[in-house]
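Each chain, letter by letter, is given below.
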Amino acid sequence: MAEKTVLDNNTSSIIKFKDKDGNEFPKWEEKRLGDLFDIFVGGDIDKEHSSIHQTKTYCYPVFANALTDDGLYGYADYYKNIGDTITVTGRGDVGHAVARHCAYVPIVRLLVLVPRYKECVDFFAYQINVTKIFVESTGVPQLTSPQLSKVKMKCPCVDEQEKIASFLMSIDNLISTQESKISILETYNRGLISKIFKQEIRFKDDNGNEFPDWIECKLKDLYIFEYGEGNNNPSNGGQYPVYGANGIIGFYTKYNAEQSIIIGHMGVYAGSVLWEDKKHFVTYNGTITKPKDKEVIIPKYGYYLLLNRKISKICAGSGMPFLAYNTLNNIKVMTTPCLEEQEKIANFLSSLDNVLQEEKNYLEYLKTIKKGLLQQMFV
């Protein structure tokens, strides 16, 4: 495993940026965004000169008032802005800033900040994103140019702006690299699970002998499915996680299971398969999956068996998907009848999950460090 970058939890309190001669930078000033940037609204798109696909002709990105894909809406054969600017969402989820370093077209309620001087747009984008911008609204929140222009920012000299932005971007690069690594591992793990349950990968016993042939059966031959107890108001003061149709929904003071497989029963997460090996509680919209006989199926192996079956794809209902017990009981699966092979499969896949979880933990660590840096610098 590659060596990971470790940052001190107190990094932001001990980092001191200095100029190229090693001298302290001047004290930070407080200025309004309107004193630093010209701010205007994106406006309408020219539909005759735009496309949803990028081509040699339609080469300039069009950014809208959205968070997904940093607001990418489509492409155009013209542009309105070029160079270093900032866009800020002005409707709905207002106040989300992105530094732009290209020619592009802003549209609709997307606000554009053009530097009046040589301000580092990356620095101010970071600062805007941790600034609580209050918008008084009874309907859909709206952020206007005059409102944004009055927001106060901490303003160091340009050289220090650039040093701080460069440092924060290096952390963003670590986070992006880690997210890509996790995505690759997740794809790799899913591929191995699929190959194992298609019997394209087979294990052997400790003496190097083949295990028995796999058999086909229905889930009702392996499991008993039960609804949870139906507590919809778990106390946050409890210590045991409460599972519902959409995963953990709170914590409770009692538990009704220790090691079990939980299947989402209704809603967006209907058919989702979860594994919990600690004490927990399950609400009525979650299904507890119990083996009929532990001499027939090992619990953790059964979790991977169900996970590979992709149960969510056979849920009924479009508006509110649900998983009928009759459907669940009659799902057919191929499984090894040999407990020794089940254990080898479960141990192997669990080891992969452990590696993946370590990478996810490191990602959360990086995000926590970044959050701490931003808060101590700007808040």
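The following paragraphs examine the structure supplied in this document. (Residues numbered from 1 in each chain as written. Predicted model: local features only at pLDDT ≥ 70, side-chain atom pairs only at ≥ 80, totals over all residues. Heavy atoms only, no water.)

What about a positive patch on the surface?
Point 1. A cluster of basic residues, R190, K198, K310 and K313, forms a positive patch on the protein surface.
Point 2. The residue K313 is located in the loop between α6 (299-309) and α7 (325-329) in this model.
Point 3. Relative accessible area serves as the criterion here: at 67%, K313 is assigned to the exposed category. (Patch = residues over 30% accessible without salt bridge, like charges linked within 9 Å, V, L, I, M, F, W, Y side chains within 5 Å. Areas by Shrake-Rupley, 256 points an atom, 1.4 Å probe, with all protein chains shown as cover. Salt bridge = Lys/Arg side-chain N within 4 Å of Asp/Glu carboxyl O. Lys, Arg positive; Asp, Glu negative; His and termini not counted. Charge placed at Lys NZ, Arg CZ, Asp CG, Glu CD. Helix = DSSP H or I, 4+ residues; strand = E, 2+ residues; numbered from the N terminus. Buried < 20%, exposed > 50% of the residue type's maximum accessible area, 1.4 Å probe, protein only.)

Side note on the environment of E179
Point 1. You can see E179 is positioned in helix α5 (residues 158-197).
Point 2. Taking the C-alpha atoms as reference points, E179 and E359, 180 residues apart in sequence, are found 8.8 Å from one another.
Point 3. Once you skip the residues sitting within four places of it in the chain, E179 turns out to touch L363 and K367. (Contact = heavy atoms within 4.5 Å.)

So, the environment of K132
Point 1. Its place among the elements puts K132 in the loop between α3 (121-129) and α4 (145-149).
Point 2. A sequence separation of 37 residues divides K132 from G95, and the C-alpha atoms of the two residues are 8.1 Å apart.

Observations concerning the sheet that holds strand β15 (residues 260-264)
Point 1. If you trace the four strands from one edge of the open sheet to the other, you get β12-β18-β15-β16, paired in antiparallel fashion. Single-partner strands in this sheet number two, and they are β12 (223-227) and β16 (273-276). Neighbour to neighbour, the strand axes of the sheet diverge by 30° on average, direction disregarded.
Point 2. Along the sheet, α6 contacts β12, β15, β16 and β18 (286-291); its crossing angle with β16, the most-contacted strand, is approximately 160°. (Pairing = 2+ DSSP bridges. Axes fitted to C-alpha atoms, helices over the stretch in contact; angles between N-to-C directions.)

Quick look at the layout of surface pockets
Point 1. Of the volumes computed, that of the largest pocket is approximately 920 Å³.
Point 2. Lining the largest pocket are 24 residues, and of these Y303, L307, D353, L356 and K360 lie nearest its centre.
Point 3. Here the residues of the lining of the largest pocket are counted per class, giving 10 nonpolar, six polar and eight charged.
Point 4. Here the second largest pocket defines a volume of roughly 460 Å³. (1 Å grid on protein atoms, 1.4 Å probe; cavity = no way out; pocket = protein on both sides within 12 Å on 5 of 7 lines; lining within 4 Å. Points joined across faces, edges and corners; volume = space filled by probe spheres on them. Nonpolar A, V, L, I, M, F, W, Y, C, P; charged D, E, K, R; others polar.)

A look at the state of the cysteines
Here is the idea: a disulfide is a covalent bond, and it sits between the sulfur atoms of two cysteines.
Point 1. Counted by the stated rule, this structure contains zero disulfides.
Point 2. Note on C59: no disulfide assigned, nearest cysteine sulfur contributed by C102 at a separation of 11 Å.
Point 3. For C59, a relative accessible area of 31% gives the class partly exposed.
Point 4. C338 provides the cysteine sulfur closest to C217, a residue in no disulfide bond, and the two sulfurs are 15 Å apart. (Disulfide = S-S within 2.5 Å.)

Observations concerning unusual backbone geometry
Point 1. The residue D70 is not glycine, and still its phi comes out positive at about 55°.
Point 2. Take D70: it is sitting in the loop between β4 (60-63) and β5 (72-76).
Point 3. Of the residues examined, D70 reaches a relative accessible area of 38% and is grouped as partly exposed.
Point 4. Phi angles above zero are rare outside glycine, and K310 is one such case at about 55°.
Point 5. Tracing the chain through its elements places K310 in the loop between α6 and α7.
Point 6. With a relative accessible area of 42%, K310 lands in the partly exposed category.

Observations regarding the pattern of salt bridges
Point 1. Under the definition given, this model contains 11 salt bridges.
Point 2. Of the charged contacts, one joins E186 and K360 as a salt bridge, the two residues approaching to 3.4 Å between their closest N and O atoms. On the criterion of sequence distance, the pair formed by E186 in helix α5 and K360 in helix α8 (residues 339-378) is long-range, its members being 174 residues apart.
Point 3. Take K360: its relative accessible area is 30%, and that puts it in the partly exposed class.
Point 4. Put simply, E341 and R202 hold a salt bridge, and the shortest N to O gap is 3.0 Å. Here E341 is found in helix α8, whereas its partner R202 is found in the loop between α5 and β11 (215-218), with 139 residues between them in sequence.

Considering the side chain of T289
Point 1. Summarising the element assignment, T289 is placed in strand β18.
Point 2. Setting aside residues up to four positions removed in sequence, T289 forms contacts with Y223, I224, F225, S260, I261, I263 and L306.

Concerning empty space enclosed by the protein
Point 1. Considering all chains together, one arrives at one cavity of 30 Å³ or more under this definition.
Point 2. Of the volumes computed, that of the largest cavity is approximately 40 Å³.
Point 3. Together, A64, A66, D70, G71, T87, V88, T89, H96, V98, R100 and L110 line the largest cavity.
Point 4. Mapped onto the lining of the largest cavity, the elements with two or more residues apiece are β6 (84-88) and β7 (97-101).
Point 5. For the lining of the largest cavity, the residue count by class is five nonpolar, four polar and two charged.

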